[in-house]
Amino acid sequence: MSAATDYLLHLADNALVLGQRNAEWCGHGPILEEDIALANVSLDLIGQARLLYQLVATLKGGDCTEDKLAYFRDTHEFRNYTLLELPHRGPLSGYAQGDLDYSTTIVRNFLYSALMALLWEALEKSANADLAAIAAKSQKEVRYHLRHARDWLVRFGDGTDESHARAQASLDHLFAYTQEFWAHSPAEAAAIEAGIGVDVRTLQADWDAIVDAALAEATLVRPAVGGYVTLGKQGIHSEHLGFLLAEMQSLARAHPNGAW
Amino acid sequence: MTTTIEAAWSALEQLTDPEIPVISLRELGILRDVRHGPDGLEVVITPTYSGCPAMGQIEDDVRSTLETAGIPARVITQLAPAWTTDWMSESGKEKLRAYGIAPPHETPARHNVVRFIAKPAQAETVPCPHCGSANTVESSHFGSTACKALYKCQDCQEPFDYFKPY
Ligand SMILES: [Zn+2]
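The rules behind each value
Residues numbered from 1 in each chain as written. Chains lettered and ligands numbered in written order. Predicted model: local features only at pLDDT ≥ 70, side-chain atom pairs only at ≥ 80, totals over all residues. Heavy atoms only, no water. Donors = N, O, S within 2.8 Å, 3.2 Å for Na, K, Ca; no water. Tetrahedral: all angles 85-135°; square planar, octahedral: opposite > 155°, others 65-115°. Buried < 20%, exposed > 50% of the residue type's maximum accessible area, 1.4 Å probe, protein only. 1 Å grid on protein atoms, 1.4 Å probe; cavity = no way out; pocket = protein on both sides within 12 Å on 5 of 7 lines; lining within 4 Å. Points joined across faces, edges and corners; volume = space filled by probe spheres on them. Helix = DSSP H or I, 4+ residues; strand = E, 2+ residues; numbered from the N terminus. Nonpolar A, V, L, I, M, F, W, Y, C, P; charged D, E, K, R; others polar. Salt bridge = Lys/Arg side-chain N within 4 Å of Asp/Glu carboxyl O. Expected span 1.5 Å × (residues − 1). Domains from an automatic or database assignment. Contact = heavy atoms within 4.5 Å. Buried area = accessible area lost by both parts, 1.4 Å probe. Polar contact = N/O pair within 3.5 Å; in protein donor to acceptor, adjacent residues only side chain to side chain.

## A look at the coordination of the zinc ion
Residue and element names in this part refer to chain B.
Here comes step 1: Of the protein atoms, only Cys128 (SG), Cys131 (SG), Cys153 (SG) and Cys156 (SG) coordinate the zinc ion, at distances of 2.3 to 2.4 Å.
Here comes step 2: Relative to the metal, the four donor atoms surrounding the zinc ion lie at angles of 104 to 115°, and the coordination shape comes out tetrahedral.
Here comes step 3: Exposure remark for Cys128: the relative accessible area of 3% places this residue in the buried category.

Written out as structure tokens, the structure reads:
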């Protein structure tokens, strides 16, 4: 049972944290169409997270609810990839709160959506029928997210000198974090053993193919990676997740059991 | 017993999508089944997009409609098989068009992700729901909601939403 819930929380936290991050663009998008597109991507992600949290709550039983899982766990209990909690600003744009860099957003959405397009498809064969059902829906949605991010990646990379430089800098900044995709956590290993989860390493060649084709079209260079592999999915996070959760959870915590 | 099922169908028939009020839940393919279960009548609905903000409203509408009609039934939300725009009826598609939304094409044959993403998007033309012209371009993959893309007609110059295949 806990192999399933730990793994489901990993998937759910990924979707929720990136959904919350992308929603920061709501009302602040670089152009109206992108403002709306990112809000819609966020809705999909938060919807996927809800389905997964509801499933975890059912499996755990007792007084566990989707809201408790989303709003009343703390940083070290979240199991998302570190990549997804990073702010929308990279090495070119400075680190002030207002200096959001859209290329960071696009590069991250591309790297993550490419993985999830493959992972959701593989999870349609999960031994957990409920997870398989969520995967079958989510794979339809993530293909649109991937298409959106890839188109903008190519537009930025093969665009102006400025957009190219920003896209490359974002890629250089974020790419090392993708190493975490391929390093199994104990929860993933247990879920794979139980037939619930998928060994992401079997998807790596396809992910490489998607990434390399897009980068070639975008005239961007794939950065070499190495060094520290982040451990967000094991609960060891960057300093950024705490701020994200504080904003997301404060209302629910100020008004426990509030309904509207 | 069949009459209860018929009564439930006819009560639910009038329910429309909260965001696109010209199309009924049945025409959208959300209302899947009304059947006798072990504990009485069951109404099966299948959600659309995971993040669709209308789904909560739709479930509430189904429940309250059954209650008002005096038909006790359990509402079952069923994820599998996943909802698809291919379930949308022809009459539903026609109503969308008349409302100014280009109806979805049939979902394309599913290729693996690597092949899917290597191909350029939207090879098929989406005719303008206002003037019928095939001379249209996509302006954004996402329109007013996740289920729609934003298009522009090059002939009548009107923007319009396209209900994407899902
Ligand atoms: Zn037209």
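## Here we look at empty space enclosed by the protein
If a probe as big as a water molecule is rolled over the atoms, it shows which places are left empty.
Here comes step 1: The full count for this structure, using the stated rule, is two cavities of 30 Å³ or more.
Here comes step 2: Within this model, the largest cavity holds a volume of roughly 180 Å³.
Here comes step 3: Contributing to the lining of the largest cavity are 20 residues, with Glu19, Thr48, Cys52, Thr145 and Cys147 of chain B lying nearest its centre.
Here comes step 4: Of all the elements in the fold, those that place two or more residues in the lining of the largest cavity are α2 (32-60) of chain A together with α3 (54-68) of chain B.
Here comes step 5: Considering every element that reaches the lining of the largest cavity, the biggest residue donor is α2 of chain A, with three residues.
Here comes step 6: Considering only residue class, the lining of the largest cavity consists of 13 nonpolar, four polar and three charged.

## Observations regarding the pattern of salt bridges
Here comes step 1: As enumerated under the stated definition, the model contains 23 salt bridges over all chains in all.
Here comes step 2: Note that Arg143 of chain A is salt-bridged to Glu121 of chain A, the shortest N-O span being 2.9 Å. Within this pair, whereas Arg143 of chain A is found in helix α5 (residues 129-157), its partner Glu121 of chain A is found in helix α4 (residues 102-123), the two being separated by 22 residues in sequence. Per residue, the accessibility class of Arg143 of chain A equals that of Glu121 of chain A, and both read buried.
Here comes step 3: Among the ionic pairs, Arg63 of chain B bridges to Glu59 of chain B, the shortest N-O distance being 3.9 Å.

## Things to note about α2 of chain A
Here comes step 1: Between its terminal C-alpha atoms α2 of chain A stretches 42 Å, which fits the 42 Å expected from 29 residues at 1.5 Å a residue.
Here comes step 2: Downstream of α2 of chain A by a residue or two, Gly61 of chain A has a phi angle that is positive, lying close to 70°.

## Focus on the domain arrangement of chain B
Interfaces are often sized by the accessible area lost when the parts come together.
Residues and elements named next belong to chain B.
Here comes step 1: Its domain assignment divides chain B into domain 1 (2-85) and domain 2 (100-105 + 124-163).
Here comes step 2: Contacts between the two partners involve six residues from domain 1, matched on the other side by seven residues from domain 2.
Here comes step 3: Buried area between domain 1 and domain 2, both sides added, is near 490 Å², and the carbon and sulfur share of it is 80%.
Here comes step 4: Among the residues of domain 1 in contact with domain 2, Ile20, Tyr49 and Thr85 are the three that bury the most area, contributing 75% of the side total.
Here comes step 5: At the surface where domain 1 touches domain 2, the tally comes to zero residue pairs in polar contact (both at pLDDT 80 or more).
Here comes step 6: A per-class count over the side of domain 1 that touches domain 2 returns four nonpolar, one polar and one charged.

## Looking at the interface of chain B and chain A
Here comes step 1: Counting from both sides, the interface comprises 32 residues of chain B and, opposite them, 32 residues of chain A.
Here comes step 2: On the chain B side of the interface with chain A, the three residues burying the most area are Val113, Ile117 and Phe142 of chain B, jointly 24% of the side's total.
Here comes step 3: Our count for the contact surface shared by chain B and chain A stands at two salt bridges.
Here comes step 4: Salt-bridge contacts for Arg110 of chain B lead to Glu121 of chain A; the nearest nitrogen and oxygen are separated by 3.0 Å.
Here comes step 5: Linking chain B with chain A are 15 residue pairs in polar contact (both at pLDDT 80 or more), by the criterion used here.
Here comes step 6: Here the side of chain B that touches chain A takes four residues from helix α5 (residues 113-118) of chain B, the largest share from any one element.

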